[in-house]
Amino acid sequence: MSIRIQRVPSENVAGGIAARLIAILLALLVAAIVFAISGADLGKLGSHVFKSTFGSRFGLMDLGLIVTPLILTGLAVTVAMKVGAWNIGAEGQFCAGAIAATAVALFVPGPTIVVLPLMFVAGAVGGMLWILIPTLARAYADVSELITTLLLNFVGALFIYYLATGPWLDPSGLSFAATKRLPHDVPSFWGDVHWGLPIAVLLTISLAGVLNYTRWGYEVRIAGSNPAAARYAAIPFRRHLIVVMLMSGAIAGLAGMFEVIGTTHRLQGGISNNFGYIGIMVAVLARGSAIGVIAGAALMAVILKSGIALQTQGVNISTVLALTGLILFFTAIGDELSHYRIVRSKPA
Amino acid sequence: MVMNVMLDVDRMAASGVAGQPIVSLRGVAKHFPGVIANQDVDFDLLPGEIHALLGENGAGKSTLMNILTGIYRPDLGEIIIDGKAVTFASPVEAIAAGIGMVHQHFKLVKAFTVAENIHLGWSETPGRISKALLEARTAEIAASLNLAVKPGARVSDLSTGEQQRVEILRVLSRKARVLILDEPTAVLTPAEASELFKALRQFAARGNAVIFISHKLDEVLEISDRVTVLRGGRKVATRPTSECDKRGLARLMVGQEVVLSNMRERKPGAKPISDAPVLSLRNVSARDDLGNMCLKNVTLDLRAGEILGIAGVAGNGQKELSQVLTGVRRAASGEIRVCGKDLSSRGAEEFAAFGIGHIPEDRLHSGLAPALSITDNVVIREYGKAPLSQGWVYRPSAAAALARSIAEAASVSVPDFRMPVRNLSGGNQQRLVARREMRIASNLLVAAYPSRGLDVGAINAMMGYFTELRDAGVGVLFVSEELEELFKLSDRIAVMFHGEVMGVVDSSEVDIETIGLMMGGQRRLEAGSAEGIS
Ligand SMILES: Nc1ncnc2c1ncn2[C@@H]1O[C@H](COP(=O)(O)OP(=O)(O)OP(=O)(O)O)[C@@H](O)[C@H]1O
Ligand SMILES: [Mg+2]
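Residues numbered from 1 in each chain as written. Chains lettered and ligands numbered in written order. Predicted model: local features only at pLDDT ≥ 70, side-chain atom pairs only at ≥ 80, totals over all residues. Heavy atoms only, no water.

(A) Local environment of the overall build of chain A. Within chain A one finds 13 helices and four strands. Over its C-alpha atoms chain A spans a radius of gyration of 22 Å, differing by no more than 12% from the 20 Å that the globule rule assigns to 348 residues. For chain A, the spread of C-alpha atoms along the principal axes amounts to about 80 × 65 × 35 Å. Each of the 348 residues in chain A was classed as buried or not, and the buried ones make up 48%. Residue pairs at least 24 apart in sequence account for 78% of intrachain contacts in chain A once pairs closer than 6 positions are excluded. A total accessible area of about 15,800 Å² is found for chain A, and carbon and sulfur atoms account for 72% of it. Taking the 21 positively charged and 13 negatively charged side chains of chain A as two groups, their mean positions are separated by 10 Å. (Helix = DSSP H or I, 4+ residues; strand = E, 2+ residues; numbered from the N terminus. Rg over C-alpha atoms; globule rule 2.2 N^0.38 Å. Buried < 20%, exposed > 50% of the residue type's maximum accessible area, 1.4 Å probe, protein only. Contact = heavy atoms within 4.5 Å. Areas by Shrake-Rupley, 256 points an atom, 1.4 Å probe, with all protein chains shown as cover. Lys, Arg positive; Asp, Glu negative; His and termini not counted. Charge placed at Lys NZ, Arg CZ, Asp CG, Glu CD.)

(B) Seen up close, the overall build of chain B. For chain B, the count of helices and strands is 18 helices and 22 strands. If one aligns the C-alpha atoms of chain B with their principal axes, the spans along those axes are about 70 × 50 × 50 Å. Roughly 22,300 Å² of accessible area belongs to chain B as shown, and the carbon and sulfur atoms make up 53% of that amount. In chain B, which carries 61 positive and 62 negative side-chain charges, the distance between the mean positions of the two groups comes to 4 Å.

(C) Expanded view of the side chain of Q39 of chain B. Residue and element names in this part refer to chain B. Residue position: Q39 is located in strand β2 (residues 35-45). Overall, Q39 belongs to the buried group, its relative accessible area being 3%. A polar atom in the side chain of Q39 sits 2.7 Å from the side chain of H31. (Polar contact = N/O pair within 3.5 Å; in protein donor to acceptor, adjacent residues only side chain to side chain.)

(D) Representation of the domain arrangement of chain B in the model. For chain B, the assigned domains read domain 1 (9-98 + 177-254), domain 2 (113-174), domain 3 (277-369 + 424-532) and domain 4 (372-419). Centre-to-centre, using C-alpha coordinates, domain 2 of chain B lies 43 Å away from domain 4 of chain B. (Domains from an automatic or database assignment.)

(E) Just the sheet that holds strand β12 (residues 293-303) of chain B, in detail. Read from one edge of the open sheet, four strands run β12-β11-β14-β15 (chain B), paired in antiparallel fashion. Only two strands of the sheet have a single neighbouring strand rather than two, namely β12 and β15 (341-342) of chain B. (Pairing = 2+ DSSP bridges.)

(F) Highlighting the interface of chain B and chain A. With 39 residues of chain B in contact, the opposing surface of chain A contributes 25 residues. Summing both partners gives a buried area of about 2,600 Å² for chain B against chain A, and 58% of it is carried by carbon and sulfur. On the surface where chain B and chain A come into contact, there are one salt bridge. D376 of chain B is paired through a salt bridge with R221 of chain A; the nearest N and O atoms lie 2.9 Å apart. Here chain B and chain A share 12 residue pairs in polar contact (both at pLDDT 80 or more) between them. Breaking the side of chain B that touches chain A down by element, the ones donating at least two residues are β1 (23-32), α11 (348-353), α12 (363-367), β18 (393-394) and α15 (426-440) of chain B. If one sorts the elements of the side of chain B that touches chain A by residue count, α12 of chain B sits on top with four residues. By residue class, the composition of the side of chain B that touches chain A is 20 nonpolar, 10 polar and nine charged. (Buried area = accessible area lost by both parts, 1.4 Å probe. Salt bridge = Lys/Arg side-chain N within 4 Å of Asp/Glu carboxyl O. Nonpolar A, V, L, I, M, F, W, Y, C, P; charged D, E, K, R; others polar.)

(G) Examining the sheet that holds strand β21 (residues 492-497) of chain B more closely. Residue and element names in this part refer to chain B. The mixed open sheet is built from six strands, whose spatial order is β16-β19-β20-β13-β21-β22. Both outer strands of the open sheet, β16 (356-359) and β22 (500-506), are each paired with one neighbouring strand and no more. Across the sheet, the axes of successive neighbouring strands diverge by a mean angle of 15°, strand direction being ignored. Relative to β21, strand β13 (residues 307-311) is paired through four bridges, and the arrangement is parallel. When the sheet's bridge partners are listed, G309 is paired in β21 with I493. Sheet strands touched by α15: β16 and β19 (444-448). Its angle to β16, the strand with the most contacts, is close to 170°. Contacting β13, β21 and β22, helix α18 (residues 512-519) runs over the sheet at an angle of about 30° to β21. (Axes fitted to C-alpha atoms, helices over the stretch in contact; angles between N-to-C directions.)

(H) Quick look at empty space enclosed by the protein. Per the counting criterion, the structure on display carries four cavities of 30 Å³ or more. Here the largest cavity is characterised by a volume of approximately 40 Å³. What lines the largest cavity is simply Y232 of chain A together with T326, A348, F351, A352, I356, H358 and R381 of chain B. Counting only elements with at least two residues in the lining of the largest cavity, the list comes to α11 and β16 of chain B. Top contributing element to the lining of the largest cavity by residue count: α11 of chain B, with three residues. Along the lines of polarity and charge, the residues of the lining of the largest cavity split into five nonpolar, two polar and one charged. (1 Å grid on protein atoms, 1.4 Å probe; cavity = no way out; pocket = protein on both sides within 12 Å on 5 of 7 lines; lining within 4 Å. Points joined across faces, edges and corners; volume = space filled by probe spheres on them.)

(I) The arrangement of a nonpolar patch on the surface in detail. Residue and element names in this part refer to chain A. Residues F50, F54, L60, F120, V121, V125, L129, F189, W190, W195 and I199 make up a contiguous nonpolar surface patch of roughly 1,000 Å² in combined accessible area. Elements supplying a minimum of two residues to the nonpolar patch: α5 (112-141) and β2 (188-190). At four residues, α5 tops the list of elements feeding residues into the nonpolar patch. Turning to its location among the elements, F54 is positioned in the loop between α2 (42-51) and α3 (57-82). (Patch = residues over 30% accessible without salt bridge, like charges linked within 9 Å, V, L, I, M, F, W, Y side chains within 5 Å.)

This is the structure:
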């Protein structure tokens, strides 16, 4: 009887969850050791981090607010990956969605019940418009969407600065890089946490369903994996590419819409908070699984929030970044390990 | 096992090809989940020999060579080079020890020139380089090894045979003493193959050794000095080629007698050949990817219940013909009718809807999505039909069931259908594609080089399926460069040369020599078969 460790192509689910949990615990252990060596009061740091994440109502509310845009941007990147495209521009589409929703809030009169759906549509359309040119360039001229979507991020962020400090600046004069408090809110269901969170989760689950259980999802999978095979099987590669990339932009745009209407209530410079870029990390952690996006976003939210908590305790920013990297690193190892299993075989 | 080793060495000494082996494998085993790819394999490679490695699809040939070149690590057993046990952590270490491999699927960078590809990732590439220097070095190495290549040409512009020569040069330039070729001739024209053989003989004559994997037994008998046969991952025999014949080798590989029957005979009850053609081409012309005319005024008729062979040296328009016939490539001019309906300007969708199956020439690039699961790949023709789809709903469980039944019909054993299809052996991929296409071919099957990469048993089985389709009233267009195969199966044979049809002949009324002349460009005008050629 010999015992060997073997890589299997498909992941085993229970083992995968266990491997990831162990990875996170290990990362925390390493972090604790580093802090202990540098003479920090471990108990105090730990309880503070715990209190500002899971350990208090406010901590949980903050997590709920951070995780919402991360689910959506992570989903945007994941969906684009399904059709073989790298949407590095969720950040820019986020900004465009936020701008479009703000415009509706500022300039369309009417009761919230009427304006809210309009803002929702505007957010999605804004994100879509932002990815339109990269999409068409990729579909018709084979220009890499990697570069074009990335460049538009800077345009989006700067455009928000321009609007928030210029034409849309709060007329009350109380702030110098933000619009006035917007007249409509996405309703909340628990403290500050608004309906954006359940909607994001629902959207993720339904998209996962659509990708796995519809003909369209199957076609997208083939087209994304090998365009030549798609052509061979009469699957319209270009049409799927365009539709899915626009969807990806719309989802990132929704993230911006919820952020501005549900969380910050003003359009302000730096509103995107790198959520678009972190969405790429979420997608990578999720390994292409739409459901994995929710878990990945939750993990990133906890890491971000803990980082903020540590900073308020005087831990400097580079330490926080190093810790973030460490946790991601260990999770990636856990991820890989979940593809291994131990086999016992009799020598033949 | 130890006994075995001793016997082997004894026999070698007795047969007079003594000398210390360059490479010995001892008791090598490699398991994948649910598959024994190699088990207890002993193998000796002597200096100066060309050693053929044979076996059915999935017998473990590629895996064994991947172990020898450091791509996989053996689960058990050892690799001995020049009498010393070694372990390779990567192909780089294997090539440093003088062992290089040309893979079943080439690994060149298409956008680079020949010289750049030769020097890529090579420790002896000079630090300060210029284009001229690289090309001069390449030309020098090529001349010293007697391999003609164009150093300045871009790899994407080269023919398959030329690309292969670059791969070989890449390996030999690193001072390889052992050259491993995995199905090198599957994609070569006969002329290219005989050139390759010349180069291999010269290489071996300098005291080096070659391991040669092939399914073409004629070739193996012609080129090799010894033969090793694998079956189900285990070695069943190593013999001097002089003691082998085709039938014996086939029996060793398959484990039973392979009966090659005449397949032109129809079963009682078979549907007769129809009067009206299922497929008719009138003056069809088409351009290749570079914009050159590659099909010129082709006129052909294929009737239901008939197998029409397309003969010709590869690269004379056969690939484009099969693409035009399946809607993957648009014809530049001319008329294509299927079952009487004009499909000249239609796309692949309409062709597939007309019950046309297509076994493409380059299965890995256009017939499959290598990174997706076996299930996803096997259902690509039927995902939109019941029971896999109802309306817009797709049912993965029904897809899995269909995948299982197709794999079973194709006699491919699959341990896990969620595994990426690229993990299957080359021949098993081909079997799945062939089976998948035969299922949808209710009117017409276009099969481009379907036997490439298949073992003898599988070729026989596949030709049997083709006759079943024929007897059920389907028209089969069968593109091949193996004349023997064409004669065995086809009712009529059309010969292509430089994109034109040189003539269509009845295979019972013509001999191999005539076809050979036509393949070289001699036209044969026969009443009724070539009226459209101007
Ligand atoms: N990476 C892998 N993961 C899982 N199974 C594998 C992998 N590589 C090979 N196999 C399996 O190992 C067996 C041997 O495959 P191998 O490619 O060595 O066959 P082969 O003799 O080269 O066949 P062919 O003539 O068809 O090329 C097959 O059943 C194949 O599916
Ligand atoms: Mg192989």
